[in-house]
Amino acid sequence: MKLLPFVLTMALDAAASTPKLPVEQYQLENGLTVLLSEDHALPVVSIEVLYLVGSSYERAGRSGFAHLFEHLMFQGSEHYDQEYFKPYEPIGGQVNGTTSRDRTNFFEVVPSNYLATPLWMESDRMQSLLPALTQEKLDNQREVVKNERRQRNENAPYGMAQEYLGEMLYPPGHPYRHTPIGSHADLSAATLDDVKAFFQTYYVPANASLALVGDFQSAEVKPLIQRYFGGIPAGSRAPRPVAAVPTPGALHWQKTDDVPLPRIYLAWHTPALFAAGDAELDLLSSVLSSGKTSRLFYPLVYDKKIAKEVEAYQVSQQLSSYYVVEATAAPGQSVDTLYTELMKALAKALETPPEAGELERAVSAYKKQFYGRIEAVQSRASTLGSYFQHTGRADYLAQDLARYVEATPERVHGAGRQYLRLDQLVRLDILPEPKDGPGKKDAAPSQAGVRPGAAKGATGGTR
Amino acid sequence: MSMQKVWLTVLGASLLACGGSAEPAKATPEAPATPNAAVEAALDRSGLPQPGPARVWAPPAPTAWQLPGGVRVLHQTHGSVPLVSLYLVIPRGTETDPPKQAGLTHLMGDLLDEGAGKLDALQLNERLMQLATDISISTSVDVVSVGMNMIAENFGPSVDLLADIVRRPRFDEHEFQRRKAQLVAQALANEADPHTGRRVALSSALYGEGYGGLPTTGTRDSLATISLADIKAHYSRLMVGEGATFVVVGGLARDEAGKHLERAFGDWGGKAKAEARPIAADTGAGKLYFVDYPGAAQSVIGVARRAPGSDAEDLFPATVFNRSFGESFTSRVNLNLREDKGYTYGAMSMFQRFRKTGMFGVFSDVRTDVTRASLDEVLRELGDVCGARPLTAEERDNSVNGLLLGYPGSFESIGLVALRFAQLPIYDRPLDWYERWPERVSAVTLEQVNALGSRYCDRSSFTLVVAGDKAKVAPTLEGIGYGWVELDARGRPR
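Residues numbered from 1 in each chain as written. Chains lettered and ligands numbered in written order. Predicted model: local features only at pLDDT ≥ 70, side-chain atom pairs only at ≥ 80, totals over all residues. Heavy atoms only, no water.

**A word on the overall build of chain A**
Within chain A, the secondary structure is distributed over 15 helices and twelve strands. Here the C-alpha radius of gyration of chain A, 23 Å, is about what a compact globule of 463 residues would show, namely 23 Å. Taking the principal axes of the C-alpha coordinates as reference, chain A spans close to 65 × 65 × 40 Å. Counting every position in chain A, which comprises 463 residues, the buried fraction comes to 64%. Look at the contacts in chain A between residues 6 or more apart in sequence, and 81% of them connect residues 24 or more apart. Split by element, the accessible area of chain A, about 16,200 Å² in all, is 53% carbon and sulfur. (Helix = DSSP H or I, 4+ residues; strand = E, 2+ residues; numbered from the N terminus. Rg over C-alpha atoms; globule rule 2.2 N^0.38 Å. Buried < 20%, exposed > 50% of the residue type's maximum accessible area, 1.4 Å probe, protein only. Contact = heavy atoms within 4.5 Å. Areas by Shrake-Rupley, 256 points an atom, 1.4 Å probe, with all protein chains shown as cover.)

**Digging into the interface of chain A and chain B**
Residue-level contacts link 89 residues of chain A with 99 residues of chain B. Summing the contributions of chain A and of chain B, the shared interface buries around 8,100 Å²; its carbon and sulfur component is 60%. For the pair chain A and chain B, the number of links is six salt bridges. Of the charged contacts in the structure, one is a salt bridge between R55 of chain B and D215 of chain A, with a shortest N-O distance of 2.9 Å. (Buried area = accessible area lost by both parts, 1.4 Å probe. Salt bridge = Lys/Arg side-chain N within 4 Å of Asp/Glu carboxyl O.)

**A closer look at the sheet that holds strand β3 (residues 83-90) of chain B**
All names here are of chain B. Pairing in this open sheet of six strands is mixed, and the strands run β1-β2-β6-β3-β5-β4 from one edge to the other. The sheet is open, and its two borders are formed by β1 (63-66) and β4 (134-140), each paired with just one other strand. With direction set aside, neighbouring strand axes in the sheet form an average angle of 15°. Of the strand pairs in this sheet, strand β2 (residues 72-77) and strand β6 (residues 245-250) are connected by six bridges, and their pairing is parallel. Bridge pairing links H75 to V248 in β6. Sheet strands in contact with helix α5 (residues 155-167) are β3, β4, β5 (143-151) and β6, and its direction is about 155° off that of β5. Set on the sheet, helix α10 (residues 254-265) makes contact with β1, β2 and β6; between it and β6 the angle comes to about 145°. (Pairing = 2+ DSSP bridges. Axes fitted to C-alpha atoms, helices over the stretch in contact; angles between N-to-C directions.)

**Topic: the packing of α5 of chain B against α10 of chain B**
Residues and elements named next belong to chain B. Where α5 meets α10, the axes come as close as 9 Å, and the angle between the chain directions of the two elements is 30°. Classified by the angle their axes make, α5 and α10 are roughly parallel. As α5 packs across α10, the resulting crossing turns out to be right-handed. Residue-level contacts link F155, G156, V159, D160, L162, A163, V166 and R167 of α5 to A257, H260, L261, R263, A264 and F265 of α10. A class-by-class count of the residues in the contact of α5 with α10 yields nine nonpolar, two polar and three charged. (Parallel < 35°, antiparallel > 145°, perpendicular 65-115°, else oblique. Left-handed = near helix turned anticlockwise from the far one by under 90°. Nonpolar A, V, L, I, M, F, W, Y, C, P; charged D, E, K, R; others polar.)

**Examining helix α6 (residues 173-190) of chain B**
Compared with an ideal rise of 1.5 Å per residue, which puts 18 residues at 26 Å, α6 of chain B spans 26 Å between its outermost C-alpha atoms and is within 8% of the ideal. Within the span of α6 of chain B, buried status applies to E175, F176, R178, R179, K180, Q182, L183, A185, A187, L188 and A189 of chain B. Against the buried residues of α6 of chain B lie α10 (297-303) and β9 (307-315) of chain A together with α3 (104-111), α4 (121-130), α8 (220-224) and α9 (228-238) of chain B. (Expected span 1.5 Å × (residues − 1).)

**Brief notes about the pairing of strand β4 (residues 94-100) of chain A**
All names here are of chain A. Most of β4 is tucked away: six of the seven residues are buried. Note: β4 against strand β5 (residues 104-111), six bridges, orientation antiparallel. Counted as the bridge partner of T99 is T104 from β5. Between β4 and β5, which pair antiparallel one after the other, the connecting turn spans three residues.

**Describing the side chain of T357 of chain B**
Note on placement: T357 of chain B falls in strand β10 (residues 357-367). In this view, T357 of chain B contacts Y207, Y211, I279, R306, A307, P308, G309 and Q352 of chain B; residues no more than four positions away in its chain are not counted.

**A short note on the confidence of the model for chain A**
Residues and elements named next belong to chain A. Confidence along chain A averages 90 in pLDDT terms, with 90% of residues attaining 70 or more. Across residues 1-16, where pLDDT falls below 50, the model places 22 contacts with residues more than four positions away in sequence or in other chains. Low pLDDT (under 50) marks residues 435-463, which in the prediction has 112 contacts with non-local residues, meaning those over four places away or in another chain. (pLDDT = per-residue confidence, 0-100.)

**A look at unusual backbone geometry**
All names here are of chain B. Unusually for a residue other than glycine, F171 sits at a positive phi of about 50°. Assessed through its relative accessible area of 7%, F171 is described here as buried. Positive phi outside glycine occurs at L214, with the angle close to 65°.

**Notes on the environment of V81 of chain B**
Mapped onto the fold, V81 of chain B is located in the loop between β2 and β3. For the pair V81 of chain B and Q177 of chain B, spaced 96 residues apart in the sequence, the C-alpha separation amounts to 40 Å.

**Focus on the sheet that holds strand β9 (residues 344-353) of chain B**
Residues and elements named next belong to chain B. An order of β9-β10-β8-β11-β7-β12 is seen for the six strands of this open sheet, with the pairing classed as mixed. The open sheet terminates on both sides in strands that have one partner only, identified here as β9 and β12 (483-487). The sheet shows a mean angle of 20° between the axes of neighbouring strands, direction not considered. Judged from the eight bridges that link them, β9 and β10 form a sheet pairing that is antiparallel. Among the inter-strand pairings, F351 is bridged to a residue of β10, identified as F360. Strands in contact with helix α12 (residues 332-340) are β9 and β10; relative to β9, the strand with the most contacts, it is inclined by about 155°.

**Observations regarding helix α15 (residues 414-426) of chain B**
All names here are of chain B. With 13 residues, α15 should cover 18 Å at 1.5 Å per step; its first-to-last C-alpha distance of 19 Å lies within 8% of that length. Considered for burial, the residues of α15 that qualify are I414, V417, A418, F421, A422, L424, P425 and I426. Positive backbone phi, approximately 55°, marks D428, located one or two places after α15.

**Focus: the layout of surface pockets**
Residue and element names in this part refer to chain B. For the second largest pocket, the calculated volume is near 1,500 Å³. The element that contributes the greatest number of residues to the lining of the second largest pocket is helix α11 (residues 315-327), accounting for seven residues. In terms of residue class, the lining of the second largest pocket is built from 17 nonpolar, 14 polar and seven charged. (1 Å grid on protein atoms, 1.4 Å probe; cavity = no way out; pocket = protein on both sides within 12 Å on 5 of 7 lines; lining within 4 Å. Points joined across faces, edges and corners; volume = space filled by probe spheres on them.)

**A closer look at the packing of aromatic side chains**
Applying the stated criterion across every chain yields a total of 41 aromatic pairs over all chains. Look at F274 of chain A and Y396 of chain A: their rings are 5.4 Å apart centre to centre, the planes differ by 80°, and that puts the pair in the edge-to-face class. Placement of the pair is F274 of chain A in the loop between β8 (263-270) and α9 (278-289) and Y396 of chain A in the loop between α13 (377-391) and α14 (397-405), with a sequence separation of 122 residues. Each member of the pair, F274 of chain A as well as Y396 of chain A, carries the same accessibility label: buried. The interplanar angle of 15° and the centroid separation of 4.4 Å between the aromatic rings of Y366 of chain A and Y404 of chain A together place this pair among those described as stacked. Taken together, the residues span a long stretch of sequence, with Y366 of chain A in helix α12 (residues 356-373) and Y404 of chain A in helix α14 at a distance of 38 residues. In terms of burial, Y366 of chain A and Y404 of chain A fall into one category: buried. Feature note: the residues Y51, Y57, F65, F69, F74, F85, F106, F198, F199, Y202 and Y203 of chain A together with F329 of chain B constitute an aromatic cluster, connected by ring pairs. Lying across the ring of F74 of chain A, R125 of chain A places its NZ or CZ 4.8 Å from the centre. It is R254 of chain B that lies over the ring of W65 of chain B; its NZ or CZ is 3.9 Å from the centre. (Phe/Tyr/Trp six-rings, centres within 6.5 Å; stacked < 30°, edge-to-face > 60°. Lys NZ or Arg CZ within 6 Å of the ring centre and 35° of its normal.)

**Quick word on the pattern of salt bridges**
Residue and element names in this part refer to chain B. With the rule as written, the count across this model stands at 62 salt bridges over all chains. Note that R170 and D172 form a salt bridge whose closest N and O atoms lie 3.6 Å from each other. Salt bridges sharing partners connect three or more residues here, namely D340, K341, E377, R380, E381, D384 and R389.

**Some words on the packing of helix α2 (residues 65-72) of chain A against helix α7 (residues 192-202) of chain A**
For any two helices packed against each other, one specifies the crossing angle of their axes together with the interaxial distance. Residues and elements named next belong to chain A. Two numbers describe how α2 lies on α7: the axes approach to 11 Å, and their chain directions differ by 85°. One element, α2, and the other, α7, form an angle in the roughly perpendicular class. Residue-level inspection shows F65, A66, F69 and L72 of α2 in contact with α7, the latter providing D194, V195, F198 and F199. When the residues that make up the contact of α2 with α7 are grouped by side-chain class, the tally is seven nonpolar, no polar and one charged.

**A look at the pairing of strand β1 (residues 24-27) of chain A**
Bridging between β1 of chain A and strand β2 (residues 33-38) of chain A involves four bridges; their strand directions are antiparallel. Across the sheet, Q25 of chain A pairs through a bridge with L35 of chain A, a residue of β2 of chain A.

The structure is reproduced here in structure tokens:
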């Protein structure tokens, strides 16, 4: 057990107890970025291929296309024209993909002696997906994705809220206006030509990274990566969508759903992931709603019992983020009372900087969460990919953690004052539908989204 | 290690499999089955690459000992981060709720950390957050478990808090009223989710009010009947040392773990007095239970029946069978309903195993207009697998290999290992259960797998459940051959 000495070290030197994620980063000649991180604790290896494209890159009238495309990547390639899940099941592998507004990833976890299998398969679909593509596959996956939309959004209580928030926060034409799941109409409109153009533009080595984490020897795996991926034509890095940070607005929508309790969402625009203020606003979320004595939970849920639950969270994204305070009414409380009390509690919460103890608790929780992120190989691979995507450097864990550890009460307070303006917020109420009301969610327009507690900004797994 | 290096040098190039292993590779130099071939030769796309030699790995059994009062400890140092996952497992659960007080055990467990020892609910919560220790109290049919996830250096103070929570809960009246109202609100909110409707109907059909039945978190009606005196009485019956086990996994040495547990729980003992409800007769076979969700965008369906509990003799054949039939992505059920028909985002089968009984079923969320077609397809797959199309040798092999090869990955994180060890005391399993698991899976034959499947042939032994839009779906279900029962989302007949 290699852990024991580590624990003893910690006892001697508390500074040694910072999470570490060593990584070697390099590029193939065709521009594919490779991220390698060895760990021989278990005979397991994870690989993640990240493509720098998500639903914010979609053209008008094709919402949901990046995610639909992700599904098609599992339907076979030129030299393996079958379900891409199939080879992984007899080897006990895990395989999936996810699509967010900003990126699409594909990952596998396999026994380490099978590492060549995902390398072969990922490189084959990166090189030659199109020869295996058919209208039939497109039609079938279109149906699967529509069912995914029904299951995750339309048929789930409050499941449409993130979609409404997108429409409220972002003006028409903004790349973040719609969420990755897309609308039924746009999904229906997707053609084989769309698929081909998308593949040729975005699914190229120069627009991708490949992370390997786990039980392998770097010196041995590099030639293998070169062999499988080195011959794929480079393509070019796709430009990020351009959008002005939307002007803050004051907007109030009321929507109904088949839910028993009203819920209010308040939302604001906040800085992009890793920009100044991003970490401070995350810490503010803990101050507002983590624990019984937190600044919103205590007055609303514990003391006055006006809310059944309250949660503050930030959805951090590449171009700009948004911040949400979400409160569900306790039974018997009206949405108006809830709103009045919520605004009162929020105004008070934002008035003063966090006390030392409040901030310390929030930082400790983040520090523990960072250890959690580097425990398992797949989570490590996607952490590396995310750092590469947003900063260009996979070796960024220490800097990322430092943003939280070094935050001051004044900066946390300042970020709240600056971005969570009570006179410039978007307010969405989800109200219980009248009992004899019209059929519900079928009529609702477009898209789906990110739920609190999910990885920041990620949605839409293939399974 | 040195043997392996020599062997690598002889072969001259890369091997992906051997890093860090002390286990000599099993392949011989004659075997071409290594990624070498891929590196040395021209890139071959004619077939998937062959694997390298496997690195043998099996999970070591935990170390076990007893505290002076008789409570057992299972411990393992694990992982590379200074985190610790701790569970206290008490092998008595919601099976002990009185028939009219569903949710009693759950509400009792919920109240444990709402004030304990010298700390009231707010102070206790603040103290846990200062330590960055997460606590989760969970109750299910067979067990109450208290889990803590913490930074290793905070193990001692966390265990002291755990002792307060488990041994000295305050059960303050105002916290009782607050949490009861909260659980009632949660029950109300859950009713809006058709998955709740399906769960409630299935439980009612298969287990009735007996063992395994009744909603574990209670209903609006059952919670209303529970008093603080009921909670306190139930606590003394249930929350004693008899049969209890601690599980400690992570960056902490045995002696350190033992020292703190002994300080806080060394004298803990006592006899349990709670009794499980007896198993009720299965009243759902041959019936279709419908829960109406007007305007629902999908139908949430289930096709299920009783099956043996966790002591089943056919546990391992069932595991292999289920993986091929409906658990994996390329299983028959998912390929048919999702990839072939496009009816759903996913469909799967599963065994639910309580200690004394259980259930086997197929579950999916399907498009409203293909609800009937989906039920027909599920019934057809169930019929085929024990008739016209039994599982093949290839399906059996794929399942067995997948289970074996995926096994090490399921011991990756401290939390996963602790959770696995926490199953041992619930189901009276020996310490070498996980060590021996691979050999038991390997031993399962195709004959055993299909014998297992043939136990689930009789379609009249199944219950069908649909939670969806009655106005659209009910007319399509005519002539399906199952007796109609309608419930609301609280499990009440309509």
